[in-house]
Every structure is written in C-alpha cells, then in structure tokens.
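Commentary on secondary and tertiary structure
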Amino acid sequence: MHRVIISGIGVEIPEPSITNEELVDSFNAWVDMENVRREASGETLLQKSDSAFIVHASGVQTRHVIEREGILDPTRMAPRIPARPDDALSLEAEFGIASARKALDHAGLEPGDIDLVICSASHHQRPYPSIAIEIQQAMGTKGAGFDMGLGCSSAAAALHIAVNLVRAGAQRRVLVTTPEIITGHLNFRDRQTHFIFGDASVSMIVEGLAQGDKRPGRFEVLDTRTWTQMSNNIRTNLGYYTRAAQDDPYMINLEGNLIKQVGNKVFKEVTVAGHKFIVEFLAEHGLTPQAIRRFWLHQANARMNAMILKLSFGHEVGHDRAPMVLERLGNTAGAGAIVALSENHADMKAGDYGLLCAFGAGYSIGGALLRML
C-alpha cells in the first residue's frame, strides 16, 4: 500500500461575471413579460426576485460564467454556446484542460507522466466519446480515461477513486479534472434556483509518495470517504429519454426537466447529514473537529456551512478555519471545495490537518482527510 499525495492543483475561472443586480434585472424583465400573458389567461402571477433575497438564501453576491449575454437576455435566459464540429475540441474538454495544465505545472509534471484521466462533473456535455478520453488525446496523457459524476460531490468522489487506485498500485499518477459548466443546465426562469450556480474548472494530480520523498507544501491524503442516500429534493430529469416522453420526440420540452430543488428540505437534511459525516469520519482517525486546521467545504450555501461547523465545534467558526469563495463565485458544484482549497492552504504548516468535504444531489457526500507535508 502506497502513501498518496495531491501533488498539483489547478483552477480556471472564466472571466465573464454577473452580479446579483444584473441577474435580478434580467429575471424581473422576463417576469413582467410573462405576467402579461398570465394575467390575460387567468394564471397565477409570478413573483419577482431581488438581491437581498438572493444574499439571504445563499450568500452569493456574484458568479463567473462561460457566457453572460445570453443569460442576461430576458428573451433567452441561457448561455449562448455554439455547437462545434465533431473534429474540434469540445467546450468541456477545453475547460478541463485549462485547469489540468495548471495542476501539472504545480506538480512539476508533463502530460506523459499521467496514466489515467478521470473527468468527474455534475453535468457532462455528452455521453460518448468520454470527455476524459478527449482530454487524454488533446493533452497527450498515457493509459486511459473515463467520465463519472456524483452531483456536487463529483470531485471528491473522483479523488476517492484516484487515491485508492494509486494506493493499491493500479495507477501511478491520476489526473482528476472537474470542469463545471453548470449554467448550461440551469433554469434561469426559476426564482428558487436561477441565482445559485456559476462556472469553474478544477483539476488535481494524485500520485504516490516515494520512499524518502518529503514534498513539502503538498498534502498527503490520509483517507477518503463517500456516502450516499437517495433523495429527490435536488433533481434534474433532462436525459436521453426526455424525448421519448414527448408526443413529438423532435420538439423537446425542457419545462420541468432542468435543475430543481426543495431548498428548505435540502438545507435541513444536508446540514444534519454533513455534520454527522464529518464528526464520524474524523472520529475513525481519533480526531475531533478542533484538531483540523482548515475545512474546505462545499461552496453551496453560506448559512448551511456555518450551521454544519457550529454543530461540529459547538460554536461559530470563521473564515480562517473554513474559508468561503461562494460570495464571489456562486455555487460551482463539484469545483467549489477545490477552489477553496487552492486559495487557502499556503499558510498551513507541516503536520497540519485539513478536511475536504463536499455534499450535493443524491444526497451525496465525499470527504478527504489531508495532512500538510
């Protein structure tokens, strides 16, 4: 059994951004148009949104996106992502490669040093060929590649697999990449969810630690865990059978098939599950939350994270112990906790413990206990 480290981390954030105020202006302009129609037909009128509601519900102030103009157009309200020919690099592969190259640079490695690519994200651009195989070809990595997903726990779940493959000796170095272009699947006409998500790509290099190799400033992965429990409270029904449910399978109706969630239930149930997961996972290693220098939690809801930590510690915990990037990036699904890790670890000392933990649809939770070398 080999000791395993995260030797490189890479983050790619798209430049375009959208503030709450811009998003609200677009949403409310559409509501005005839609309510004219609804009033004429006797339907229930829609409620407008506002920035104060968004901040209270999520803590998000702004988000970065692949494309903003289509999202803010009240007659469209979806990013404009032109189709590419089959022989061109796909957008998701391009986004994954952008963070992967940074992770390789951070690790001091070349693409040929990688023998497995795992592309794990909450949504994939297509089912096949695998995005990971496309990344493998474009970058020139060796071995194989495959796609996987576990909602917002996708990066943590892939890390769990990569660590155990390396630890068992099945792989030498694994590239885990999580390119989250979640705005392409978001319903910007749903008041409960239109403000939540942003786009980001993260990558990690997982490799064995050679005998006598110190690798200061890198994290050893002491253990990983995953947990799932079926829940429909975060759900999307858009898939390959959507067309088969339509009277005209060539005119697909997206209504009701995009992301939806029962926010209050998600908050309560994931808070309880997240707290239980963290405390029990640490206890297996004889640790308490107080022994952990830093927590990098899923970046979905500021109040949820604060409550999970308060339950775990018995008191409120600040940014230094559990940094947040949600305010400026939004919920970047599987990428969020890795962004928080990338931006908030340089001050840690050798021997310090850290806990990476993400939770999302499923329900699903993924965790990794890390120690600074």
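You'll find the structure just up there.
Conventions adopted
- Residues numbered from 1 in each chain as written.
- Predicted model: local features only at pLDDT ≥ 70, side-chain atom pairs only at ≥ 80, totals over all residues.
- Heavy atoms only, no water.
- Core = buried A, V, L, I, M, F, W, Y, C linked by side-chain atoms within 4.5 Å.
- Buried < 20%, exposed > 50% of the residue type's maximum accessible area, 1.4 Å probe, protein only.
- Helix = DSSP H or I, 4+ residues; strand = E, 2+ residues; numbered from the N terminus.
- Contact = heavy atoms within 4.5 Å.
- Polar contact = N/O pair within 3.5 Å; in protein donor to acceptor, adjacent residues only side chain to side chain.
- Axes fitted to C-alpha atoms, helices over the stretch in contact; angles between N-to-C directions.
- Parallel < 35°, antiparallel > 145°, perpendicular 65-115°, else oblique.
- Left-handed = near helix turned anticlockwise from the far one by under 90°.
- Nonpolar A, V, L, I, M, F, W, Y, C, P; charged D, E, K, R; others polar.
- Pairing = 2+ DSSP bridges.
- 1 Å grid on protein atoms, 1.4 Å probe; cavity = no way out; pocket = protein on both sides within 12 Å on 5 of 7 lines; lining within 4 Å.
- Points joined across faces, edges and corners; volume = space filled by probe spheres on them.
- Expected span 1.5 Å × (residues − 1).
- Patch = residues over 30% accessible without salt bridge, like charges linked within 9 Å, V, L, I, M, F, W, Y side chains within 5 Å.
- Areas by Shrake-Rupley, 256 points an atom, 1.4 Å probe, with all protein chains shown as cover.
- Salt bridge = Lys/Arg side-chain N within 4 Å of Asp/Glu carboxyl O.
- Phe/Tyr/Trp six-rings, centres within 6.5 Å; stacked < 30°, edge-to-face > 60°.
- Lys NZ or Arg CZ within 6 Å of the ring centre and 35° of its normal.

Another aspect to go through is the nonpolar core. L159, V174, V206, W296 and L370 are the most contacted members of the largest nonpolar core, which totals 36 residues. Mapped by element, the contributors of at least two residues to this core are β1 (4–12), β4 (116–120), α6 (154–167), β6 (173–180), β7 (200–208), β8 (219–228), α10 (336–343) and β13 (364–372). Setting aside residues up to four positions removed in sequence, L370 forms contacts with I6, F219, E220, V221, W296, L341, D352, Y353 and G354. Ranked by size, the runner-up nonpolar core spans 23 residues in total, among them V266, F277, F313 and L355.

The next point concerns the side chain of S130. Note on placement: S130 falls in the loop between β4 and α5 (131–139). A polar atom in the side chain of S130 sits 2.9 Å from the side chain of D147. What S130 contacts, discounting residues up to four positions off in sequence, is G145, F146 and D147.

Looking at the secondary structure, you find V174 in strand β6. With a relative accessible area of 0%, V174 lands in the buried category. Distance in space between the C-alpha atoms of V174 and I114 is 5.8 Å, their sequence separation being 60 residues. Apart from residues no more than four positions distant in its own chain, V174 is found in contact with I114, D115, L116, I118, A162, V166, M204, I205 and V206.

What follows is about the side chain of R173. Positionally, R173 belongs in strand β6. A polar side-chain atom of R173 sits 2.9 Å from a polar atom in the side chain of E207. Dropping the residues within four chain positions of it, R173 is found in contact with L109, D113, I114, D115, L116, V206 and E207.

For the rest of this paragraph, the subject is the packing of helix α4 (residues 91–107) against α5. Across the interface, α4 lies against α5 with an axial gap of 10 Å and an inter-helix angle of 55°. It follows from the interaxial angle that α4 and α5 lie oblique. Crossing geometry of α4 relative to α5 is assigned as right-handed. Judged by residue contacts, E92, A93, G96, I97, A100, R101 and L104 of α4 engage I131, E134, I135, A138 and M139 from α5. A breakdown of the residues in the contact of α4 with α5 according to their chemical character gives eight nonpolar, one polar and three charged.

Right, let's talk about the pairing of strand β11 (residues 294–297) for a bit. The alternating pattern of β11 places R294 and W296 on one face and F295 and L297 on the opposite face, and all of these are buried. In this structure, β11 lies alongside strand β12 (residues 353–360), joined through four bridges in parallel fashion. Paired with F295 across the bridge in β12 is L355.

A separate point is empty space enclosed by the protein. By the definition in use, this model includes one cavity of 30 Å³ or more. Approximately 40 Å³ is the volume found for the largest cavity.

What follows concerns α4. Over its 17 residues, α4 extends 25 Å from the first C-alpha to the last, a length consistent with the 24 Å expected when each residue adds 1.5 Å. When we look at burial in α4, the residues that qualify are L91, E92, A93, F95, G96, I97, S99, A100, A103, L104 and A107. Close packing links the buried residues of α4 with β1, β4, α5, β6 and β7. Backbone geometry just downstream of α4 places G108 in the positive-phi region, at approximately 70°.

What follows concerns a nonpolar patch on the surface. A contiguous nonpolar patch, built from L238, I252 and L254 and spanning about 230 Å² of accessible area, is present on the exposed surface. Along the chain, the position of I252 falls in the loop between β9 (234–235) and β10 (260–261).

Another aspect to go through is the layout of surface pockets. A probe matching the size of a water molecule, rolled over the atoms, marks out where space remains unfilled. Of the pockets and cavities examined, the second largest pocket occupies roughly 220 Å³. Around the second largest pocket, the lining comprises 13 residues; the ones closest to its centre are R84, P85, S90, Q125 and R126. Taken together, the residues of the lining of the second largest pocket sort by class into seven nonpolar, two polar and four charged.

Time to look at the environment of L159. Relative to the helices and strands, L159 resides in helix α6. Separated by 48 residues in the primary sequence, L159 and E207 place their C-alpha atoms 11 Å from one another. When near neighbours in sequence (up to four residues on either side) are disregarded, L159 contacts I6, V176, M204, V206, L356 and A368.

In this section: unusual backbone geometry. Here the bond from Y128 into P129 is cis, since omega is -5°, no more than 30 degrees from zero. Tracing the chain through its elements places P129 in the loop between β4 and α5. Cis geometry marks the peptide bond from G362 to Y363; its omega dihedral reads -5°. Considering the arrangement of structural elements, one finds Y363 in the loop between β12 and β13. Positive phi is not limited to glycine here, since M77 has a value of about 60°.

This model, assessed by the stated rule, comprises five aromatic pairs. Ring geometry for F295 against F313: centres 5.5 Å apart, planes inclined by 70°, an arrangement best described as edge-to-face. Of this pair, F295 sits in strand β11 while F313 sits in helix α8 (residues 302–313), placing them 18 residues apart in sequence. The same class applies to F295 and to F313, which are both buried. Taking the ring centre of F53 as reference, the NZ or CZ of R191 above it sits at 4.0 Å.

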